[in-house]
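Understanding the architecture of this molecule
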Amino acid sequence: GAGVSQSPSNKVTEKGKDVELRCDPISGHTALYWYRQSLGQGLEFLIYFQGNSAPDKSGLPSDRFSAERTGGSVSTLTIQRTQQEDSAVYLCASSLVQGVDMNTEAFFGQGTRLTVV
Amino acid sequence: AQKITQTQPGMFVQEKEAVTLDCTYDTSDPSYGLFWYKQPSSGEMIFLIYQGSYDQQNATEGRYSLNFQKARKSANLVISASQLGDSAMYFCAITNAGNMLTFGGGTRLMVKP
């Protein structure tokens, strides 16, 4: 597609249920990022992928959070046993891997708004 | 590790005036890139401007310019001739050779008519 696509756009789930959030990056973008944004707050880094590997998983808030990326393309962020504090907008972004002295602008999806009730 | 600090949680500016949004960074990498993004109330993230660490000149994109002071590790965004549509959250970000992209906490800009 032309841009980063995230699904679903909105998700309401009951506390304790598992959820899966999907990100379809721009074709050819090898870097993929997941961020979480609570209302009116900044972007909290969760995880990023270079190809299929995740060099940095330090941002995942707990072991209930996991992410994978297959085929160097689509990524899934899974939250197990959801809690109310997991409610937020989950943003995905992708970028080309170029020299750092080149503009490696990250393109963002529209986000998934997760509400845990 | 790399870090971005935006010390202004919120700012007001009069329409048609210029405004500077502060950003300082910390990184141990010799090469890095600096970005500014705008996030209006609709929630989308809009790329504004990029500055490479080896760029000799400050980046400019229309009404946006980046005041890059490498020795001070600052990358302030200057918006000239503010418009009502500039009201939004603004995020500064840094990336390094590993393509790790780190954002600051953001500044909410409000343009007064």
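So, here's what we can say about the structure. Not measured: the values here are computed from a predicted model.

Points about the state of the cysteines
Every disulfide links exactly two cysteines, by a covalent bond between their sulfur atoms. Throughout the structure, instances matching the rule amount to 2 disulfides over all chains. Covalently, C23 of chain A is tied to C92 of chain A through a disulfide, its sulfur atoms 1.8 Å apart. Measuring handedness by torsion sign, the sulfur bridge of C23 of chain A and C92 of chain A sits at about -65 degrees and is left-handed. Placement of the pair is C23 of chain A in strand β3 (residues 19–24) and C92 of chain A in strand β9 (residues 88–95), with a sequence separation of 69 residues. Note that C23 of chain B is cross-linked by a disulfide to C92 of chain B, the S-S spacing being 2.0 Å. Looking along the S-S bond of the C23 of chain B-C92 of chain B disulfide, the torsion reads about -65 degrees, which is the left-handed sense. Taken together, the residues span a long stretch of sequence, with C23 of chain B in the loop between β3 (19–21) and β4 (24–26) and C92 of chain B in strand β10 (residues 88–96) at a distance of 69 residues. Grouping residues by exposure puts C23 of chain B and C92 of chain B together as buried.

A few points about the environment of S66 of chain A
Residue and element names in this part refer to chain A. Position of S66 among the secondary structure elements: in strand β7 (residues 65–69). For S66, a relative accessible area of 33% translates into the label partly exposed. As a C-alpha pair, S66 and T76 span 10 residues in sequence and 8.4 Å in three-dimensional space. Sequence-distant contacts of S66, defined by excluding residues within four places in its chain, comprise T76, L77 and T78.

Cut-offs applied
Once a new chain begins, its residue numbering starts again from 1 and follows that chain's sequence as written. Lettering for chains starts from A, numbering for ligands starts from 1, and both go in the order in which the items are written. Owing to the predicted nature of the model, reporting of local features is limited to residues with pLDDT of at least 70; listing and counting of side-chain atom pairs is limited to 80 or more, with chain, interface and lining totals taken over all residues. The side-chain figures draw on all heavy atoms in the structure; neither hydrogens nor water molecules are used. Disulfide: a pair of cysteine sulfur atoms within 2.5 Å of each other. Secondary structure elements are defined from DSSP: runs of H or I of at least 4 residues count as helices, runs of E of at least 2 residues count as strands, and each element is numbered from the N terminus. The buried label goes to any residue with under 20% of its type's maximum accessible area, the exposed label to any with over 50%, and the partly exposed label to all in between, with areas taken from a 1.4 Å probe on protein chains only. Whether two residues are in contact is decided by their heavy atoms, any of which lying within 4.5 Å being enough.

Nothing here speaks to function; it is all geometry.
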